[in-house]
There are 2 protein chains.
Amino acid sequence: MGVLALLPESVAAQEVLPSWNESATRQAIVSFVERVTTPGSPQFVSPAERIATFDNDGTLWCESPMYVQARFTMDRIRVLSASHPEWTTQEPFASALRDDPHGMMALGEKGIFELMAATHAGMTVDEFRESVTSWLKQARHPRFQRKYTTLSYQPMLEVLEYLRAHGFKTYIVSGGGMEFMRPWTESVYGIPPEQVIGSYGQLAWEFEAGHPVLRKLAKVGLIDDKQGKPIGIQTFIGRRPIAAFGNSDGDLEMLQWTTTGPGARLGMIVHHTDAEREYAYDRNSSVGRLDKGLDAAPRQGWLVIDMKTDWNVIFPELRDR
Amino acid sequence: MGVLALLPESVAAQEVLPSWNESATRQAIVSFVERVTTPGSPQFVSPAERIATFDNDGTLWCESPMYVQARFTMDRIRVLSASHPEWTTQEPFASALRDDPHGMMALGEKGIFELMAATHAGMTVDEFRESVTSWLKQARHPRFQRKYTTLSYQPMLEVLEYLRAHGFKTYIVSGGGMEFMRPWTESVYGIPPEQVIGSYGQLAWEFEAGHPVLRKLAKVGLIDDKQGKPIGIQTFIGRRPIAAFGNSDGDLEMLQWTTTGPGARLGMIVHHTDAEREYAYDRNSSVGRLDKGLDAAPRQGWLVIDMKTDWNVIFPELRDR
């Protein structure tokens, strides 16, 4: 901050959000942060109240051609099917075993969640964490042939870092499984597990060989999607965010809750418009559908990020991981 | 830190936890913090993993002669009874209206929670926050004639501060209502709302005059007591604490979960032994019963804080509040 203040404005601007092209959306982020963090500004917000929430799938990392957790689930079903011969004819397991994303997606997000619950439950939280971690080490994205954890969006990593450098606390608020995200969000996004809110199942307190364990049950605790997002935010954080980033209709209520509060507010939607470098989809997609959001954005004052024209880089440069 | 390191050990010791008498319990806290925070120590713990959890009622503030939230609930029932004439003969409302703590306590914690749910639900989270804040401004403790928020324990405030000064993140994990605590924990304990875990009801996403609100429902989300404490910790934090402080049998599972993990661990129980300066109670109390905990402590390596001999001050000096 001190050094940047001494530089000509154009140079300072280049230091911030370098993977963003000069555009109205980039300018909106910078302007918002300046307004809420400049002491004496009429829209100044105390550091404690600087809460920013981010959807994960399609907002912070690639969700196509299928949600990463769906891929994890299908791979896991294949492993578990050795002791479940009945799954070859029983949906949704049969589609998963045929490696049929289309059949699986046809079940909708709720179907996917049921599949996840059926396959993720029964183990302790430590065992589940280990299964996620080891899967992420060997799994590769079918098109990009990179580990999924390297397919975060570089421009969004810069937004996270930029906000934190200005006193914001950054949270994930995702429809995805909370315990699926927490093992890796700290190293990939700089977001610690206690700032990751997601869908979760209920837990049971049990003893194993005299030691306490927490076992994952096949009972829903929270579906952190749509209206579940503001509910999850209130329950976990107890403060209303002043900035929120999403990419699909599942994020509408979070954006609405965030941007209808008093004072300066920032609501943004990542629009997937770049089939060449990533994917292009919106109103008719079974993954990350963005339909109502595109209509609501201009009315609600939400800014739509055009991936193709706003971002000069999509994924982080590959380093040794 | 830098300055303390230059001082003779006895002087430095006096700077830390000044309201604690020299004792094994005080020494255990200091020794634990030194072991987990000294770089190169075999028990060193990275700052991110330095999670400490505290029960609230009876551990951080006075819970006698009745839980503060029970008093709030009774006062609230009196207000609401104007439009509920049937409550004069209907339990548990009748006991509350007779201002009969004994009759109310006889219903047990579950009864109290039901009473709370019946009286707390139906309003928005903002309205509830306002009702808590305004009640706390005028309510006084019947014996000490002080605001409840001034009846925190000075020695525990020092522990919170001491831990945070050494990189710990301090959390409340209480059987009390989460939304009841969050409005004041930041100013009283330095613990922000997002680090307050407690019992909570489910929320509903609704619209009021075109604006979204979150309404409190009379449906349990989590009873954050006994086994609900480690479950709440895993759900909200996703990390296992390395230090935990409680005072009643409702804290046993939290202490167990905390102290059975690998590496250095600290489990402590506040024992109310000072009828003169505060209260003396344990195995037979209807509020904050400590029975199994007294038996388990020596077996589990938990340290019992003797309020009467370990603390040279109980409550903070009164300033203008």
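Everything quoted here is computed from the prediction, not taken from an experiment.

Caption draft 1: Focus on the overall build of chain A. Looking only at helices and strands, one finds 15 helices and eight strands in chain A. Computed over the C-alpha atoms, the radius of gyration of chain A is 20 Å, within 12% of the 20 Å expected from 2.2 N^0.38 for a compact globule of 321 residues. Going through the 321 residues of chain A one by one, you find that 59% of them count as buried. In chain A, once contacts between residues fewer than 6 apart in sequence are set aside, the share between residues at least 24 apart is 67%. As displayed, chain A has an accessible area near 13,400 Å², and 54% of this comes from carbon and sulfur atoms. The average position of the 33 basic charges and that of the 40 acidic charges among the side chains of chain A differ by 2 Å.

Caption draft 2: Seen up close, unusual backbone geometry. Put simply, B:Ser64 and B:Pro65 share a cis peptide bond, and its omega is 0 degrees. Here B:Pro65 lies in the loop between β1 (51-54) and α4 (68-80). Here B:Glu91 and B:Pro92 are connected by a cis peptide whose omega angle stands at 5 degrees. Note that B:Pro92 resides in the loop between α4 and α5 (93-97). Positive phi, close to 55 degrees, is recorded for A:Lys226, a residue that is not glycine. By the element assignment, A:Lys226 lies in the loop between β4 (211-222) and α12 (228-236). Owing to a relative accessible area of 42%, A:Lys226 belongs among the partly exposed residues under this scheme.

Caption draft 3: Focus on the relation of the copies chain B and chain A. Between chain B and chain A, which share one sequence, the superposing operator has a rotation angle of 180 degrees and an axial displacement of 0.0 Å; the RMSD is 0.0 Å. With respect to symmetry, the two chain copies, as superposed, fit the operation of a two-fold axis. The C-alpha atom lying nearest the rotation axis in chain B is that of B:Phe236; the distance is 3.3 Å. Of the residues that chain B buries at the interface, 100% are likewise interface residues in chain A, meaning the two copies contact each other through the same surface.

Caption draft 4: Broad picture of the nonpolar core. Ranked by size, the top nonpolar core spans 161 residues in total, and within it A:Tyr189 and B:Tyr189 carry the most contacts. Among all residues touching A:Tyr189, those that are not within four sequence positions of it are A:Asn56, A:Leu60, A:Trp61, A:Ser152, A:Leu157, A:Leu160, A:Arg164, A:Ile172 and A:Trp184. Listed in part, the 14 residues of the second largest apolar core include A:Met74, A:Leu115, A:Met116 and A:Val287.

Caption draft 5: Quick look at the packing of α12(A) against helix α13 (residues 252-259) of chain A. Residues and elements named next belong to chain A. With their axes 7 Å apart at the nearest point, α12 and α13 run at an angle of 55 degrees to one another. Judged by the angle between their axes, α12 and α13 are oblique. Taking contact as the criterion, the partners of Lys229, Pro230 and Ile233 in α12 are, on α13, Glu253, Met254 and Trp257. Partitioning the contact of α12 with α13 into residue classes produces four nonpolar, no polar and two charged.

Caption draft 6: Molecular detail of the interface of chain B and chain A. Contacts between chain B and chain A engage 35 residues on the former and 35 residues on the latter. Together, the buried faces of chain B and chain A total about 3,000 Å²; carbon and sulfur atoms form 57% of this surface. For the chain B face of the interface with chain A, the top three residues by lost area are B:Glu194, B:Trp205 and B:Gln234, together amounting to 22%. Our count for the contact surface shared by chain B and chain A stands at six salt bridges. Between B:Arg239 and A:Glu186 there is a salt bridge, and its shortest N-O distance comes to 3.2 Å. For the pair chain B and chain A, the number of links is 16 residue pairs in polar contact (both at pLDDT 80 or more). Among the residues making up the side of chain B that touches chain A, the classes are represented as 19 nonpolar, eight polar and eight charged.

Caption draft 7: Representation of helix α3 (residues 24-37) of chain B in the model. Compared with the 20 Å implied by 1.5 Å per residue over 14 residues, the 20 Å span of α3(B) between its first and last C-alpha is a close match. Within α3(B), the full set of buried residues consists of B:Thr25, B:Arg26, B:Ala28, B:Ile29, B:Val30, B:Phe32, B:Val33, B:Val36 and B:Thr37.

Caption draft 8: Local environment of the domain arrangement of chain A. All names here are of chain A. Annotation of chain A at the domain level lists domain 1 (3-65 + 147-310) and domain 2 (68-138). Listed as interface residues are 26 residues of domain 1 and, on the opposing side, 21 residues of domain 2. For the pair domain 1 and domain 2, the summed buried area comes to about 2,000 Å², and 71% of that belongs to carbon and sulfur atoms. Interface area lost by domain 1 to domain 2 is led by Tyr148, Phe180 and Lys216, which between them contribute 35%. Applying the counting criterion to the domain 1 and domain 2 interface returns zero salt bridges. Where domain 1 meets domain 2, there are five residue pairs in polar contact (both at pLDDT 80 or more).

Caption draft 9: Region of the structure containing the pairing of strand β3 (residues 196-208) of chain A. All names here are of chain A. Pairing between strand β2 (residues 169-177) and β3: three bridges, direction parallel. Pairing of Val173 across the sheet is with Ile197, part of β3. Here eight bridges tie β3 to β4, and the two strands are oriented antiparallel to one another. Pairing of Tyr200 across the sheet is with Leu222, part of β4. Counted between consecutive antiparallel strands, the loop separating β3 from β4 contains two residues, among which Ala209 sits at a positive phi close to 50 degrees.

Caption draft 10: Quick look at the pattern of salt bridges. Across all of its chains, the model carries 38 salt bridges over all chains by this definition. Ionic pairing is found between B:Arg239 and B:Glu49, a salt bridge with its closest N-O pair at 3.1 Å. On the criterion of sequence distance, the pair formed by B:Arg239 in the loop between α12 (228-236) and β5 (243-246) and B:Glu49 in the loop between α3 and β1 is long-range, its members being 190 residues apart. What makes B:Glu49 partly exposed here is its relative accessible area of 34%. Taken together, the salt bridges that share partners define one network made up of A:Glu49, A:Lys169, A:Arg239, B:Glu186 and B:Glu194.

Caption draft 11: Seen up close, the environment of B:Gly250. All names here are of chain B. Checked against the element boundaries, Gly250 lands in the loop between β5 and α13 (252-259). The buried category is assigned to Gly250, whose relative accessible area is 6%. Residues Gly250 and Asp224, 26 residues apart in the sequence, show an inter-C-alpha distance of 9.1 Å.

Caption draft 12: Local environment of the environment of B:Gln27. Relative to the helices and strands, B:Gln27 resides in helix α3. In the structure, B:Gln27 is positioned 95 residues away from B:Gly122 in sequence and 48 Å away in space, judged by C-alpha atoms.

Caption draft 13: Expanded view of the environment of B:Thr119. All names here are of chain B. Topologically, Thr119 is positioned in helix α7 (residues 108-120). A residue is classified by how much of its surface remains accessible, and Thr119, at 2% relative accessible area, is buried. In this structure the C-alpha to C-alpha distance between Thr119 and Arg76, which are 43 residues apart in sequence, comes to 7.4 Å. In contact with Thr119, other than residues within four places in its own chain, are Thr73, Arg76, Ile77, Leu80, Trp87 and Phe93.

Caption draft 14: The confidence of the model for chain A, seen in detail. Residue and element names in this part refer to chain A. With 93% of its residues at a pLDDT of 70 or more, chain A shows a mean pLDDT of 92. Of all helices and strands in chain A, the one with the weakest mean pLDDT is helix α1 (residues 2-6) (44), whereas strand β1 (residues 51-54) scores best (99). Taken as a whole, residues 1-11 scores under 50 in pLDDT and shows four contacts with residues more than four places along the chain or in a different chain. In the predicted assembly, ipTM is 0.92 and pTM is 0.93.

What counts, and where the lines are drawn
- Residues numbered from 1 in each chain as written.
- Chains lettered and ligands numbered in written order.
- Predicted model: local features only at pLDDT ≥ 70, side-chain atom pairs only at ≥ 80, totals over all residues.
- Heavy atoms only, no water.
- Helix = DSSP H or I, 4+ residues; strand = E, 2+ residues; numbered from the N terminus.
- Rg over C-alpha atoms; globule rule 2.2 N^0.38 Å.
- Buried < 20%, exposed > 50% of the residue type's maximum accessible area, 1.4 Å probe, protein only.
- Contact = heavy atoms within 4.5 Å.
- Areas by Shrake-Rupley, 256 points an atom, 1.4 Å probe, with all protein chains shown as cover.
- Lys, Arg positive; Asp, Glu negative; His and termini not counted.
- Charge placed at Lys NZ, Arg CZ, Asp CG, Glu CD.
- Least-squares fit on C-alpha atoms with pLDDT ≥ 70 in both.
- Core = buried A, V, L, I, M, F, W, Y, C linked by side-chain atoms within 4.5 Å.
- Axes fitted to C-alpha atoms, helices over the stretch in contact; angles between N-to-C directions.
- Parallel < 35°, antiparallel > 145°, perpendicular 65-115°, else oblique.
- Nonpolar A, V, L, I, M, F, W, Y, C, P; charged D, E, K, R; others polar.
- Buried area = accessible area lost by both parts, 1.4 Å probe.
- Salt bridge = Lys/Arg side-chain N within 4 Å of Asp/Glu carboxyl O.
- Polar contact = N/O pair within 3.5 Å; in protein donor to acceptor, adjacent residues only side chain to side chain.
- Expected span 1.5 Å × (residues − 1).
- Domains from an automatic or database assignment.
- Pairing = 2+ DSSP bridges.
- pLDDT = per-residue confidence, 0-100.

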